[in-house]
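The chain contents come next:
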Amino acid sequence: MTALPASLDLLITEAEAATPEGVEQQKIRAAQAGDMAAFEWIVQQHEERLFCFCCRWLRCMEDAREVCQDAFVRAWQALPEFEGRAKLSTWLYQIALNLCRDRAKTRAARQRDSTIALEDVEQPPLCPQQTPSASAELNSEMQKLERGLAVLPEKLRDVLMLTTMEGLSHEECAQVMNCSTRGVEGRVYRARQMLLKWWDEER
């Protein structure tokens, strides 16, 4: 059995590393008091990553945009009850994931042409100096990875996306998924095993 491609490791990103925690906490408290400008700052800090997550999950740009907007509306409405037991980004992922699941259920009976592949989602460059051949190889692996993720059961796909692609810790992922850390670890293991098996068999 071969190892997963380098493209999966390249998708691992730093989670919210550039946002000063103290500043964000000040903005949260201000937004909870009704300061819309403070909430707009929060949106600006998180909307790109949340939108990319929704795009990867739903594979539809239009649906992802609507779900992302709805997630921030829900966040604004629920923010006064946010107690800070989890990171704000973790809380936002939980809202977005639930909305993605709801949207997927409502659209199950219809077909859409406006699908989006993983490699088409706007995100920071994976490597600033890729050669054309390396870029083509990575693009091919990304397409294959997208197909592999699609065959995983939803709960396994979710934990793999949140921990590997979104950079959440197992503890943060457990808060999003509303399960134990050990449960996340087990799902990540099973997801990787299934993906490895599929990867070896897929031609």
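Residues numbered from 1 in each chain as written. Predicted model: local features only at pLDDT ≥ 70, side-chain atom pairs only at ≥ 80, totals over all residues. Heavy atoms only, no water.

A. Seen up close, the packing of aromatic side chains. Evaluated as defined, the whole model comprises four aromatic pairs. Seen in terms of ring centroids, F39 and W76 are 5.1 Å apart; in terms of plane orientation they differ by 55°. Their pairing is tilted. Residue F39 is found in helix α3 (residues 36-58), and its partner W76 is found in helix α4 (residues 61-78); the two are separated by 37 residues along the sequence. Both rings, one in F53 and one in Y93, keep their centres 5.4 Å apart while their planes meet at 85°; by these two values the pair is edge-to-face. (Phe/Tyr/Trp six-rings, centres within 6.5 Å; stacked < 30°, edge-to-face > 60°. Helix = DSSP H or I, 4+ residues; strand = E, 2+ residues; numbered from the N terminus.)

B. The arrangement of the packing of helix α8 (residues 170-177) against helix α9 (residues 181-201) in detail. Following both chains from N to C, one finds α8 and α9 inclined at 100°, their axes separated by 8 Å at the closest point. What the angle tells us is that α8 and α9 run roughly perpendicular. For the pair α8 and α9, contact is made by H170, E171, C173, A174 and M177 and by T181, V184, E185, R187 and V188, respectively. Looking at the contact of α8 with α9, its residues break down into five nonpolar, two polar and three charged. (Axes fitted to C-alpha atoms, helices over the stretch in contact; angles between N-to-C directions. Parallel < 35°, antiparallel > 145°, perpendicular 65-115°, else oblique. Contact = heavy atoms within 4.5 Å. Nonpolar A, V, L, I, M, F, W, Y, C, P; charged D, E, K, R; others polar.)

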